[in-house]
Amino acid sequence: MTKDLEKNQVGKPDVLKFYIDSEMTQFEEVGGTCSNRDNFDEPCCTVRSVVIGLIFVIATSYLHQWTVYTFSDTYIGPMLVILLIYPVGRLWEYIVPNSKPFTQKEHGFALIMTNVSWIFFLQFNFATSAALPLLENDKLNFANYFFLVLAFQFLGFGLAGVLRRFLVWPTEVIWPQNLPLIAILRTLHERETSAKETTYGNVKTRSWKEVLYQNKLLFFFLVVLVGFIYEWFPLFIMPFLSVFSWMCMFDINNHLLGQLTAVRGLSLAGGGLTLEWMKITQYLGSPLILPGWALINIGFGFVLIIWFIVPIIYGSNVRNIKSRPIAGVMFSGITAMNLVTSFTSFAYLPAIFVHTALFHGYDLWQQLRSKSLNNMGNDMHNRLMSAYAKVPDWWYFILFSISLIVICVICNHNGWLAWYLVLLTLVINMCLVLPVGLVSSITGQFLQNAPVYYLNVIVTQGLSLGNESKPTYTFIVVGYMLFVQSLALIQDMKLGHYMKIGPRPMFAAQCLAGVICSIFSIGIQYMNFNKHGINNEFDSSFSIFDYTLLGGSAFNDKEGFFYGDNTANRGLLWAFLVGALLPIPGWFLSRLPRFSWLKHLHWPLILISFSWMPALLSAGALFTWLLIGLGVYFTIGKFSWSQRHIYLTSGALDLALNLILIIVNTAFINPERKFPSWRGTVTNNGWDSCKQALIGKS
């Protein structure tokens, strides 16, 4: 029988044996993947897990900094880290005398430490943190840079701890990004004989379907093998597969056909497909991890915005956009799709606040009053975690306060940004963490958030901080780093929550990894800049958002996005009113029994889904992403028994891509060894196999 935990009980309670095997969480995605039990005595924060974690933090920090300075796509993602940590832990178990078995919690602990360096690497691609040394010009100061970035780490950590009652403890915040990681961790460590295996008998008497269903590790590595073999074709042998505009081939000179159906057009009726896992998942993540209702929302938005609104804007020829492609590529100027996606990006910002207030306001108020896990309802994961020693809120407040003071002092003292502007950018981005975190936690989408970055850009222009100036760089980086760092650490906190890693070991893991990652990452950068200087051929310091129309305006538009020659862009400001109004009708109608299904209509998710387009994400890639996600959901994804296999498939494809990128980038692309030229390698500069999609109407 289930027993209640005694209030404030900490230690080794026998009542932790109180689970019922049939009791699962209310969400099938979690119930089919996360364990419904916990072994309180299982080792977690041990010498072995700490040492292995530190080894991987240092190794991945070095590799990722090397990647930045060699312009390579080589990286070690979380799925590969899991596979590398496992044999190291097993080797330790056999080599070191009197070692206990390498446990799942130790494995998860080392993974969470390594994830800190993964987060740091992603910030270089999105948050321009690599641009910070540029602020000092020739007076590069290691202490300034080290303490500033370390303060970034702990500022986000402090805010993450304060917000855990909203974004970690509640049952509904499932953070789907973690589920493939948990699936493979459990597959590696939980290979005991099950009731199904007993029923089916030994391998000789089972069909191949039963073998793959039961032997999840075999299933995982088979998918890895298939993905590894296939990815050679779009990445190296047949690059045209990544921009496969097949419908355009019926008439390669038909401009209208190319604009409507190509990958870099509208991909109407699936006329342009992206058959490469990297381009499909690079900005949207895996389509296999999203809940079905989220996929349906994005699919509805794709039809409404890309296939309906964009052609209307193009046909109106506003601002002479017919002279350019309907979608375009990076730096192609203002196109119809650029205008529409800029509008949706602005509309997203007020929409997410209104949606949060209407649909989550009451729950947030209740969670605000909850001081511990004991008050978070009858969720089984919370009950299991409530037996562990808590981390008081004041620990996080102290980290946040000290980090805030350090950032203000360094920025103000060096003349990068006045302390009051530091506070302004932090307040703006802090206000966005909770509502955006709610979207990310229930949909698995958009930890990196283009509209939030754009907002920082627009504010710098409104404050007249100057183009490519120290204040502009600092304002954007400080604010956006706080935003993305907080969400990434919260996501890892939820991973530890599902893995039943105690709050205090989690606190220690993230703090220690943050310090070590900062030391090695910044040290490598410092040595590189001292050796080669700043603005050299070895420096790839940029933000991925700089390639977009809005992001690039911070550094390319001398007069600003809304001023001078860009005055016409002020019409986009109506998006703030539209975004604020959109969630209201759906919320009102959803309160009526007849329209209760409208509670699943999620306008912030719909609006933000297109913020990467067209510069970074093509219509063909998004269509293929939706085709895969909805195809899986409407076939096997609705069944609880398939959830773990779907997450294993997602993780296996990510691992296969990671492995193939390491080989292709280090052995072939970087040394400029190319596959022999043939028709399949002709990709029109990698943008689209249909040339008509890339040119305007003559």
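This structure is a prediction, so every number in the text was calculated from the model and none was measured.

Rules behind the numbers
- Residues numbered from 1 in each chain as written.
- Predicted model: local features only at pLDDT ≥ 70, side-chain atom pairs only at ≥ 80, totals over all residues.
- Heavy atoms only, no water.
- Helix = DSSP H or I, 4+ residues; strand = E, 2+ residues; numbered from the N terminus.
- Buried < 20%, exposed > 50% of the residue type's maximum accessible area, 1.4 Å probe, protein only.
- Contact = heavy atoms within 4.5 Å.
- Axes fitted to C-alpha atoms, helices over the stretch in contact; angles between N-to-C directions.
- Parallel < 35°, antiparallel > 145°, perpendicular 65-115°, else oblique.
- Left-handed = near helix turned anticlockwise from the far one by under 90°.
- Nonpolar A, V, L, I, M, F, W, Y, C, P; charged D, E, K, R; others polar.
- Phe/Tyr/Trp six-rings, centres within 6.5 Å; stacked < 30°, edge-to-face > 60°.
- Core = buried A, V, L, I, M, F, W, Y, C linked by side-chain atoms within 4.5 Å.
- Expected span 1.5 Å × (residues − 1).

A.B. asks: What is the right way to read the overall build of the protein from this model?
C.D. replies: Within the protein, the regular secondary structure consists of 26 helices and zero strands. Looking at the protein as a whole, 58% of its 698 residues qualify as buried. Intrachain contacts of the protein at a sequence separation of at least 6 include 81% that bridge at least 24 residues.

A.B. asks: Looking at this structure, I do not really get the packing of helix 17 (residues 419–443) against helix 18 (residues 450–462). What am I missing?
C.D. replies: Relative orientation and spacing of two packed helices are given, respectively, by the angle between their axes and the distance between those axes. The contact between helix 17 and helix 18 brings their axes to 11 Å, and the two run at 160 degrees. Of the possible angle classes, the one that applies to helix 17 and helix 18 is roughly antiparallel. The interaxial crossing formed by helix 17 with helix 18 has right-handed handedness. Mapping the contact onto sequence places Thr425, Ile428, Asn429, Leu432 and Val436 in helix 17 and Val452, Leu455, Asn456 and Val459 in helix 18. Its residues assigned to classes, the contact of helix 17 with helix 18 comprises six nonpolar, three polar and no charged.

A.B. asks: Quick question: what am I supposed to make of the packing of aromatic side chains here?
C.D. replies: For any pair of aromatic rings, the description consists of the separation of the ring centres together with the inter-plane angle of the planes. With the rule as written, the count across this model stands at 23 aromatic pairs. The interplanar angle of 50 degrees and the centroid separation of 6.2 Å between the aromatic rings of phenylalanine 302 and phenylalanine 623 together place this pair among those described as tilted. Within this pair, whereas phenylalanine 302 is found in helix 13 (residues 292–316), its partner phenylalanine 623 is found in helix 25 (residues 619–637), the two being separated by 321 residues in sequence. Overall, phenylalanine 623 belongs to the buried group, its relative accessible area being 15%. Where tyrosine 633 meets phenylalanine 634, the ring centres are 5.0 Å apart and the plane angle is 75 degrees; that geometry is what we call edge-to-face. Taking relative accessible area as the criterion, tyrosine 633 reaches 23% and is therefore assigned partly exposed. One aromatic cluster is present, formed by Phe157, Trp394, Trp395, Tyr396 and Phe507 through successive ring pairs.

A.B. asks: Any chance you could explain the environment of glycine 502 here in plain terms?
C.D. replies: Here glycine 502 shows up in the loop between helix 19 (470–499) and helix 20 (503–532). By relative accessible area, glycine 502 is classed as buried at 5%. On a C-alpha basis, the gap between glycine 502 and methionine 385 in space is 6.9 Å, while along the polypeptide they are 117 residues apart.

A.B. asks: Whenever I open this one, the nonpolar core confuses me. Can you help?
C.D. replies: Ranked by size, the top nonpolar core spans 166 residues in total, and within it Ile306 and Leu622 carry the most contacts. Residue contributions to this core peak at 17 residues, all from helix 19. Look past the residues within four positions of leucine 622 in its chain and what remains in contact with it is Leu284, Ile298, Phe302, Ser609, Phe610, Met613 and Leu617.

A.B. asks: Explain unusual backbone geometry here, please?
C.D. replies: Note: most residues except glycine have negative phi, and most peptide bonds are trans. Residue methionine 613 is joined to proline 614 through a cis peptide bond whose omega torsion reads -5 degrees. Tracing the backbone through its elements, the reader meets proline 614 in the loop between helix 24 (603–608) and helix 25. Look at tryptophan 175: it is not a glycine, yet its phi comes out positive at around 50 degrees. In this fold, tryptophan 175 is placed in the loop between helix 6 (164–167) and helix 7 (179–189). Positive phi outside glycine occurs at serine 267, with the angle close to 50 degrees. The residue serine 267 is located in the loop between helix 11 (255–261) and helix 12 (277–281) in this model.

A.B. asks: What's the story with helix 5 (residues 142–162) in this structure? I'm lost.
C.D. replies: Spacing of three or four residues puts side chains on the same side of an α-helix, whose turn is 3.6 residues. For helix 5, built from 21 residues, the straight-helix expectation of 30 Å at 1.5 Å per residue is met to within 8% by its first-to-last C-alpha distance of 30 Å. Here helix 5 lies mainly inside the structure; 17 of its 21 residues are buried.

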